[in-house]
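Residue-level listing of the chains:
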Amino acid sequence: MKYFPLIWATLWRKKTRTIFTLLSVIVAFLLFGMLETVDYAFSHPSNGITGANKLITTNKYSITLSLPLSFAQQIRSVPGVDEVTWISWFGAYYQESKNFVFALPVDSETYFNLHQGEFVVSDAAMQQYRNTRTAALVNSALMKKFGWKIGGKVPLHSTIWTKKSDGSLDWTFDIVGTFDAKDPTQASAQSTTLLFHYELFDEARSFGKGMVGWFEERVADPSQSAPISNRIDALFANSPNETKTQPANDFTMAFIKQFGDIGFVLRAILGAVFFTLLFLTGNTMMQSVRERIPELAVLKTLGFGDGKILGLVLAESLLLCVIAAVIGLALSYAALPIIKQGLRGVELSPTALIPGIAAAVLLALIVGLPPAIRAMKLNIVDALADRR
Amino acid sequence: MSEAIVSLRNVDKRYVRGKQSVDVLQGLTLDIPKGEFVALMGPSGSGKTTLLNLIGGLDTPSAGEITVAGQRLDQLGQGALARWRANHVGFVFQFYNLMPMLSAQRNVELPLLLTNLSSAQRKTNALAALTLVGIADRAKHKPNELSGGQAQRVAIARALVADPTILVCDEPTGDLDRKSADEVLHLLQILNREHGKSIIMVTHDPKAAEFAGRQLHMDKGALLEAGVAA
């Protein structure tokens, strides 16, 4: 600690250079924090499917291929399966394609039974939903976003499903009530969700009748998920519609990976940023030490040993990188709400920022070590020869 | 004669640069008694600074024995030499070599960072050293806010603050005008006479050398003669 004033003063020896170096590292760590958080969000999804007691059964070869609804009965018969429901991907937007709506046709009995206790929805709204064929239950956040009202009609455009009545892709629903996630951590994940009757969907669509996108199961004992998954898949082995059953979170991951290896893309961007940063900061540190050779020689003359000189230069590098990293990461933390808006349905965690500090320390060591070693090996007589 | 604070026996110093070898000091033998103020004079390239480096523990001889403050320097490694310098030697350079980003007081405190003194004690000692050299009122000033003479006084305070056994000064007035030079030399004289500091000073300036108690003349790596000033 007693060396801090010396290290601090040395760091600010060239104020302009230090400020610009700090800014470049801050921007790099702001980017790091944002991308790392997004990567974390995609690696730890929680898009409305909570708990370890949920399984998802999809077509073995692709989640875009449907499964017969009749499988539900067979899956329900598997020991350990408490409840089974079925869902299809509706692919909807409201008015414009940028207004994505996570509309799901669900079987009202089994779906709400499987997700018992996960939604806050009034009894009246639920009753109204059950009684109305074209009813929709809409998340409060979605209602607020588009200014929808209970009792109103909402037209949604499906990107997949045409109606057999008129061949149109436009579907209209009656908003009968709202719902919210009981678990606050799921609030963001469900903020774009709209639920409507599977029966309506199945009867009205022009193709795919009797087929579903995937099944969702609740198991009594989560520790038995693996054998239960195997038993479900064994039921349909060698059939035209072989299945793949997996924990809900794994399914979400697979779903997200349809868009590409997001983690790889993010790491590639970060790699490029830090590679550039290494040269920039490394060059600054080298230049800084080069300019201070006589001063470092004087410190050695006064009795500062090689280890202390190495430590002083490394500490300077650490101070620069860690301060900038903390500021950059704090800014990216402050930007979390903005990222969340852009990534609806994906939960974000500030813990994803922790690797940033480790990255800062690593960066400091990599850029600080070469000039620190150079300073340590400095020959006093040679270094003082130019200026005594 | 009092005990020798510096004792050199048959000291050689050879520098090797690539394939070239240069003998800077040859068979040099010298005793400097404790409490003496010695001026080392001679033309450029005569080996004055090399001799000063050896006495100050900044360099090691190619051959021979060097004993300073009772320690055989030629037997010490770099780490031990650094510790020895911190405890026994105060350095004053021609261009002051102060840290430009630190105040005068912080500059003077630098050698004390290597001790176990508290922050408050370091500050007290630094101010005491600055008071001793008559520049306490400039403690908060940075080197670029000081005149040459003032900066050299700060450098002398830095050299003194850890109470070294010996002061090693390389052309301490080489960058100063006559008036400032005389003030600095007078200060060194007081430190020698009133505080008993042993001082070895390299200088080209015969007027500066007159402030020393003894003048040693060097040429081509050897001592020519030893004179005693008034």
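Everything numeric here is computed off the predicted structure, so don't read it as measured data. (Residues numbered from 1 in each chain as written. Chains lettered and ligands numbered in written order. Predicted model: local features only at pLDDT ≥ 70, side-chain atom pairs only at ≥ 80, totals over all residues. Heavy atoms only, no water.)

*Asks:* Tell me about the overall build of chain B, and name the residues and values.
*Replies:* Of the regular secondary structure elements, chain B holds seven helices and 10 strands. For chain B, the C-alpha radius of gyration of 17 Å lies close to 17 Å, the compact-globule estimate for 230 residues. In terms of overall dimensions, chain B has C-alpha extents of about 45 × 40 × 40 Å along its principal axes. Relative to its 230 residues, chain B shows a buried fraction of 52%. Partitioning the intrachain contacts of chain B with sequence separation of at least 6 by distance along the chain shows that 69% fall at a separation of at least 24. When the accessible surface of chain B is split by element, carbon and sulfur atoms take 48% of a total near 9800 Å². Side-chain charges in chain B split into 25 positive and 23 negative, and the spacing between the mean points of these groups amounts to 6 Å. (Helix = DSSP H or I, 4+ residues; strand = E, 2+ residues; numbered from the N terminus. Rg over C-alpha atoms; globule rule 2.2 N^0.38 Å. Buried < 20%, exposed > 50% of the residue type's maximum accessible area, 1.4 Å probe, protein only. Contact = heavy atoms within 4.5 Å. Areas by Shrake-Rupley, 256 points an atom, 1.4 Å probe, with all protein chains shown as cover. Lys, Arg positive; Asp, Glu negative; His and termini not counted. Charge placed at Lys NZ, Arg CZ, Asp CG, Glu CD.)

*Asks:* Summarise the overall build of chain A; cite the residues concerned and give the values.
*Replies:* Summing up its helical and strand segments, chain A has 15 helices and 13 strands in all. A compact globule built from 388 residues should have a C-alpha radius of gyration of about 21 Å, whereas chain A, at 29 Å, is more than 25% larger. For chain A, the spread of C-alpha atoms along the principal axes amounts to about 95 × 45 × 35 Å. Split into buried and exposed, the 388 residues of chain A put 52% on the buried side. Considering only intrachain contacts with a sequence separation of at least 6, the fraction spanning at least 24 residues in chain A is 79%. Entry remark: accessible area of chain A is about 17500 Å², with carbon and sulfur atoms responsible for 62%.

*Asks:* Break down the interface of chain A and chain B for me, with residues and values.
*Replies:* The interface of chain A with chain B comprises 23 residues on the first partner and 27 residues on the second. Of the roughly 2400 Å² buried between chain A and chain B, counting both surfaces, carbon and sulfur atoms make up 65%. The tally of links between chain A and chain B comes to zero salt bridges. Our count for the chain A to chain B interface comes out at five residue pairs in polar contact (both at pLDDT 80 or more). Of all elements in the fold, only helix 1 (4–11), helix 11 (293–302) and helix 15 (380–385) of chain A reach the threshold of two or more residues within the side of chain A that touches chain B. (Buried area = accessible area lost by both parts, 1.4 Å probe. Salt bridge = Lys/Arg side-chain N within 4 Å of Asp/Glu carboxyl O. Polar contact = N/O pair within 3.5 Å; in protein donor to acceptor, adjacent residues only side chain to side chain.)

*Asks:* I'd like a rundown of the nonpolar core, residues and numbers included.
*Replies:* By size, the foremost hydrophobic cluster in this structure holds 89 residues, and its most contacted members are F29(A), L299(A), V6(B), L8(B) and L51(B). Filtering out sequence-adjacent residues up to four positions away, L8(B) remains in contact with L28(B), T29(B), L30(B), L51(B), I55(B), E65(B) and I66(B). In this structure, V133(B), A151(B), L176(B) and A208(B) belong to the second largest nonpolar core, which totals 39 residues. (Core = buried A, V, L, I, M, F, W, Y, C linked by side-chain atoms within 4.5 Å.)

*Asks:* Tell me what's going on with the sheet that holds strand 2 (residues 20–33) of chain B, and back it up with residues and numbers.
*Replies:* Sheet strands pair via backbone hydrogen bonds, and the direction of the pair is either parallel or antiparallel. Strand order in the open sheet formed by four strands is 2-1-4-5 (chain B), and the pairing between neighbours is antiparallel. Looking at which strands have only one partner, the edges of the open sheet turn out to be strand 2 and strand 5 (71–72) of chain B. (Pairing = 2+ DSSP bridges.)

*Asks:* Before we move on, can you summarise the layout of surface pockets with the specific residues and values?
*Replies:* Quantified by volume, the second largest pocket comes out at close to 400 Å³. Surrounding the second largest pocket, 24 residues form its lining, G45(B), G47(B), K48(B), T49(B) and T50(B) being those nearest its centre. Secondary-structure elements contributing two or more residues to the lining of the second largest pocket are helix 15 of chain A together with strand 2 and helix 1 (48–55) of chain B. Classifying every residue of the lining of the second largest pocket gives seven nonpolar, 11 polar and six charged. (1 Å grid on protein atoms, 1.4 Å probe; cavity = no way out; pocket = protein on both sides within 12 Å on 5 of 7 lines; lining within 4 Å. Points joined across faces, edges and corners; volume = space filled by probe spheres on them. Nonpolar A, V, L, I, M, F, W, Y, C, P; charged D, E, K, R; others polar.)

*Asks:* How would you summarise the confidence of the model for chain B if you had to cite specific residues and measurements?
*Replies:* On average, chain B scores 91 in pLDDT, and the residues at 70 or more come to 97%. Per-element mean pLDDT across chain B ranges from 66 in strand 10 (residues 222–228) of chain B up to 96 in helix 3 (residues 104–109) of chain B. (pLDDT = per-residue confidence, 0-100.)

*Asks:* Give a detailed account of the pattern of salt bridges, specifying residues and quantitative values.
*Replies:* Across all of its chains, the model carries 25 salt bridges over all chains by this definition. Here R13(A) ties to E295(A) by a salt bridge, and the two come within 2.6 Å at their closest N and O atoms. Here R13(A) is found in the loop between helix 1 and helix 2 (15–43), whereas its partner E295(A) is found in helix 11, with 282 residues between them in sequence. We classify E295(A) as buried; its relative accessible area is 10%. Measuring nitrogen to oxygen at the nearest pair gives 3.0 Å for the salt bridge that ties E36(B) to R214(B). Of the two residues, E36(B) is situated in the loop between strand 2 and strand 3 (37–41) and R214(B) in strand 9 (residues 214–219); the sequence distance between them amounts to 178 residues.

*Asks:* Account for the side chain of T18(A), naming residues and giving values.
*Replies:* Residue and element names in this part refer to chain A. One can find T18 in helix 2. For T18, a relative accessible area of 8% translates into the label buried. For T18, the side chain forms a polar contact with the main-chain oxygen of L11, separated by 2.6 Å. With residues up to four places along the chain from it excluded, the contact list for T18 reads L11, W12 and L320.

*Asks:* Describe the domain arrangement of chain A, and please don't skip the residues or the numbers.
*Replies:* Under the domain assignment, chain A is made up of domain 1 (4–45 + 261–385) and domain 2 (54–259). One C-alpha centre belongs to domain 1 of chain A, the other to domain 2 of chain A, and the line joining them spans 47 Å. (Domains from an automatic or database assignment.)

*Asks:* I'd love a proper account of the packing of aromatic side chains, names of residues and values included.
*Replies:* The description of two aromatic rings rests on the distance between their centres and on the angle between their planes. All names here are of chain A. Inspection of the entire model under this criterion finds 31 aromatic pairs over all chains. Seen in terms of ring centroids, W89 and F102 are 5.7 Å apart; in terms of plane orientation they differ by 55°. Their pairing is tilted. Of this pair, W89 sits in the loop between strand 3 (81–87) and strand 4 (92–93) while F102 sits in strand 5 (residues 100–106); the two residues are 13 residues apart in sequence, bridging distant segments of the chain. The partly exposed category is assigned to W89, whose relative accessible area is 27%. Ring geometry for F112 and F119: centres 6.0 Å apart, planes at 70°, overall edge-to-face. For the pair formed by F112 and F119, the shared burial category is buried. Positioned above the aromatic ring of W161 is the side chain of R205, whose terminal nitrogen or guanidinium carbon lies 5.0 Å from the ring centre. (Phe/Tyr/Trp six-rings, centres within 6.5 Å; stacked < 30°, edge-to-face > 60°. Lys NZ or Arg CZ within 6 Å of the ring centre and 35° of its normal.)

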